[in-house]
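Residue-level structural notes
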Amino acid sequence: MILNFAKNWLQDPTRITNQIARFLEQSDEYHAEFVTFEKGELFLKETDLNDSVFILLEGTVQLSKSTPNGRTIVIDWLRPGALVGLISFVTGEPALTSAMAESPCKALKLDEADFLKLQRSNSEIAQLGQQLIIGNLIDRYHHVVSVHVELESINETLQKERNHLQEALKQLEETQHRLVSQEKMATLGQLVAGIAHEINNPAAAMLRASDNLLEYLPKIIDEADPDKTHSYETFFRIGLKRKLRNSDQQREKLREWEQIYPKLPRSLLRKITSMNDEALEFVKKQLGNKPGTEQREQLENAILFYESGYFLKNLQSSTKRIGEIVSSLKNYSRQDKGQYEKTDLRDGLNDTLLLLSNRLKKVDVILNFSDIPHVNVISGEINQVWTNLIINACDAMQDRGELVISCNHDDRFVWVSIRDSGPGIKPSLSNEIFKPTFTTKQKNSSFGLGLGLSISQQIVQKHGGQIKARNAEDGGAEFTVYLPL
Amino acid sequence: METSDIYILCIEDEQEVLDAVVRDLEKLEEQFPVETATSAEEARSVIEKLLENGKKIGLILCDHILPGDNGVELLIELHKNEQLHASKKVLLTGQAGLEDTVKALNEAKLHHYIAKPWNKEDLMSVSVELLTDYVIEQEDDVLPFMGTLDAAKLSEFIRSGRNVSDS
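In what follows, the accompanying structure is described. Position numbers for residues count from 1 along each chain, tracking the sequence in the order it is written. Chain A is the first chain written and ligand 1 is the first ligand written, with later ones labelled in order. In keeping with the predicted nature of the model, local features appear solely for residues at pLDDT of at least 70, side-chain atom pairs appear and are counted solely at 80 or more, and the whole-chain, interface and lining totals rest on all residues. Excluded from the side-chain calculations are hydrogens and water; all other atoms, namely the structure's heavy atoms, are used.

A few words now on the overall build of chain A. Put simply, DSSP H or I for four residues or longer makes a helix, DSSP E for two residues or longer makes a strand, and each gets a number counted from the N terminus. Within chain A one finds 13 helices and 15 strands. The globule rule is 2.2 Å times the number of residues to the power 0.38, and the radius of gyration it is compared with is taken over C-alpha atoms. For 485 residues, the compact-globule estimate of 2.2 N^0.38 gives 23 Å, and the C-alpha radius of gyration of chain A, at 49 Å, exceeds that figure by more than 25%. With the C-alpha coordinates aligned to their principal axes, the bounding extent of chain A is approximately 155 × 50 × 40 Å. By the burial criterion, 39% of the 485 residues in chain A qualify as buried. Contact between two residues is taken to exist if any of their heavy atoms lie within 4.5 Å; hydrogens are not considered. By sequence separation, contacts in chain A at least 24 residues apart represent 73% of the contacts at least 6 residues apart. In these tables, accessible area is a Shrake-Rupley quantity obtained with a 1.4 Å probe, and a residue counts as shielded only by the protein chains included in the view. When the accessible surface of chain A is split by element, carbon and sulfur atoms take 52% of a total near 28,300 Å². Here chain A contributes 58 positively and 65 negatively charged side chains, and the mean placements of these two sets differ by 10 Å. Each residue is assigned to one of three classes by its accessible area relative to the maximum for its type, calculated with a 1.4 Å probe on protein chains only: buried under 20%, partly exposed between the two thresholds, exposed over 50%. When charges are counted, Lys and Arg are positive and Asp and Glu negative, with His and the chain ends excluded. Here the site of a charge means atom NZ of a Lys, CZ of an Arg, CG of an Asp or CD of a Glu.

Here it is, written out as structure tokens:
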């Protein structure tokens, strides 16, 4: 019986409430009174002391509490059958929550005397009172449990959303980095193409001028020395064909001549000894054993023709070199195209190597190029991949060592592999290297964003290919780019 | 003009550029023999031979990037040799970063820094000034250098009476 009464109450709280209400209404011993509340009226206010308890008969009461940061949150709703103000009433402490009529309410208000009387009565009404209180507590406890469960599931959702947002933020940052870097590369490309174009014209003019000089000068020289007594033309041609000795041999030659001709100034001897051996024999004959002032002056004149030849040769080879660099720059940046084109990958590799030659001064570059078919690529982008991989290789080797670039193909793919003689990829990092912002480089790296491999990977994937990284058998890292045919 | 035993050493890996430097210093060679090296290794052996033969090195012009070495590192290394302490050191460079330059200044007591492409007059006047300082600091008798180096500075030095052998 006792075990069941709470169940009765839960099934129909108003039945007990109504019984109590009827009883109290009829009894003279109690001064309980019926009270009504308009919508929005307070039963009791949070933090106030409370000397009565209400049995809610009709309407809904909202319990709310203000938070430390000044907001008001709704804790629960009470329906007919509930006791309003029970806790503050029985503990004598300030009310935890405010209770407000959410709709017009009717309630029975009990004071302390009534409440005690209800508890102590011997009649059936005491049992009903106990059921009312215990029922209410059970109801509140149910509510607490369900709030906990709800809180947990909300927390879980929040955590998920937080992780999701973090992931999104990370991706956003990576994308931003990538975009900034791509934008930089694009700007750089335009700049390079512009400069290449600007240099091209003066370089072409220089080449034309030196070609003309090559044609005119022998004629002019011939007129200056019609009977060839001074051999000016011979000296000019020797200059044109000058080949550099290595500097040890050159030094030895100079020493040798200083001993033969101690009277001649070192700067003159230095110029003479830069000629090839055949020409030197010729000069020796001209000078004789003990050259006097006349021979010396003649030689000084002849040297001017020798040097003119050499300067012209220098001018031509330097101009040619500028021309090659300019054409590599133009090919490399490919600002004019930016479209897929059937391309020989070896051209782009050669252009890239020429442009990076400064970085590669101390590196032995070994090219194992097999014949490969043309591949449909955007050259400018693929060249960026070669650049990134070669620069990475240089960084790994600290600019000293061996760089082996090979290419080959089967019926589905063309591949290019770039192998350095650096320390290789640490196994623990092999999963990391293609991630954006991964870098092993310290502050000296050229770009510093650590995006090189990530961007390269993206470019190659866009072309339907992939990059594979591994450590070569004899150490060093090897990156192989596969591009589909 | 008497050739002195004070050498100028030019270190540069590109022969054409080395030629150009030597050519620009032609006037000085009447008195200061020029030696050349195309790598750090060669520079070391040239220096060793010169010092062995009792020669002095008054001026070292060094390219920034050398095969197998960095010009700054080489200058720092050379500066540690006591016999080269007084030598004037110049870095020729097409691409010095600030960091490298500062390092050269602090650790190699770099005296000058010439950016490529240089012009002949600048290279010449820098070299003359540095060699003038060198002979003032190192030579007992500066008179023989009046014809090639900064005569005004040398006479000022003589007048101030610090030239011991001259008194």
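If the charged atoms of two oppositely charged side chains come close together, the side chains can form a pair. Throughout this description, the term salt bridge denotes a Lys or Arg side-chain nitrogen within 4 Å of a carboxyl oxygen of Asp or Glu. The final tally for this structure, using the stated rule, is 32 salt bridges over all chains. We note a salt bridge from Glu 29 of chain B to Arg 270 of chain A, for which the minimum N-O separation is 2.5 Å. You can see Glu 29 of chain B sitting in helix 2 (residues 26-29) and its partner Arg 270 of chain A sitting in helix 8 (residues 266-273), one on each of two chains. Residue class for Arg 270 of chain A comes out buried when judged on its relative accessible area of 15%.

This part is about the sheet that holds strand 5 (residues 72-78) of chain A. Residue and element names in this part refer to chain A. Pairing between strands is defined by DSSP: at least two bridges between the two strands are required. Pairing is antiparallel across the open sheet formed by four strands, whose spatial order is 2-7-4-5. The open sheet has two free edges, formed respectively by strand 2 (42-44) and strand 5, since each of these has just one partner strand. The sheet shows a mean angle of 30° between the axes of neighbouring strands, taken without regard to direction. Only C-alpha atoms enter the line fits that serve as axes; for helices the fit covers just the stretch in contact. Angles between N-to-C directions range over 0 to 180 degrees.

Turning our eyes to something else, we now look at the interface of chain A and chain B. The partner chain B presents 24 residues to the 22 residues of chain A that form the contact. Defined here as a combined quantity, buried area equals the accessible surface (1.4 Å probe) lost by two parts on assembly, summed across both. Summed over both sides, the interface of chain A with chain B buries roughly 1,900 Å², with 37% coming from carbon and sulfur. Among the residues chain A hides against chain B, the three largest losses belong to Arg 251, Arg 266 and Lys 361 of chain A. Together they make up 28% of the total. Along the contact surface separating chain A from chain B lie 10 salt bridges. Asp 19 of chain B is the partner of Arg 242 of chain A in a salt bridge, and the nearest nitrogen-oxygen pair spans 3.0 Å. Side-chain atoms alone can form a polar contact between residues adjacent in sequence; in general such a contact is a pair of N or O atoms within 3.5 Å, and within protein one must be able to donate a hydrogen while the other accepts it. Counting the contacts that link chain A with chain B gives 13 residue pairs in polar contact (both at pLDDT 80 or more). At the level of elements, helix 7 (247-260), helix 8 and helix 10 (293-333) of chain A are the ones that each hand at least two residues to the side of chain A that touches chain B. Here the side of chain A that touches chain B is built from residues that sort into three nonpolar, five polar and 14 charged. Asp, Glu, Lys and Arg are counted as charged, while Ala, Val, Leu, Ile, Met, Phe, Trp, Tyr, Cys and Pro are counted as nonpolar; the rest, among them Gly, fall into the polar class.

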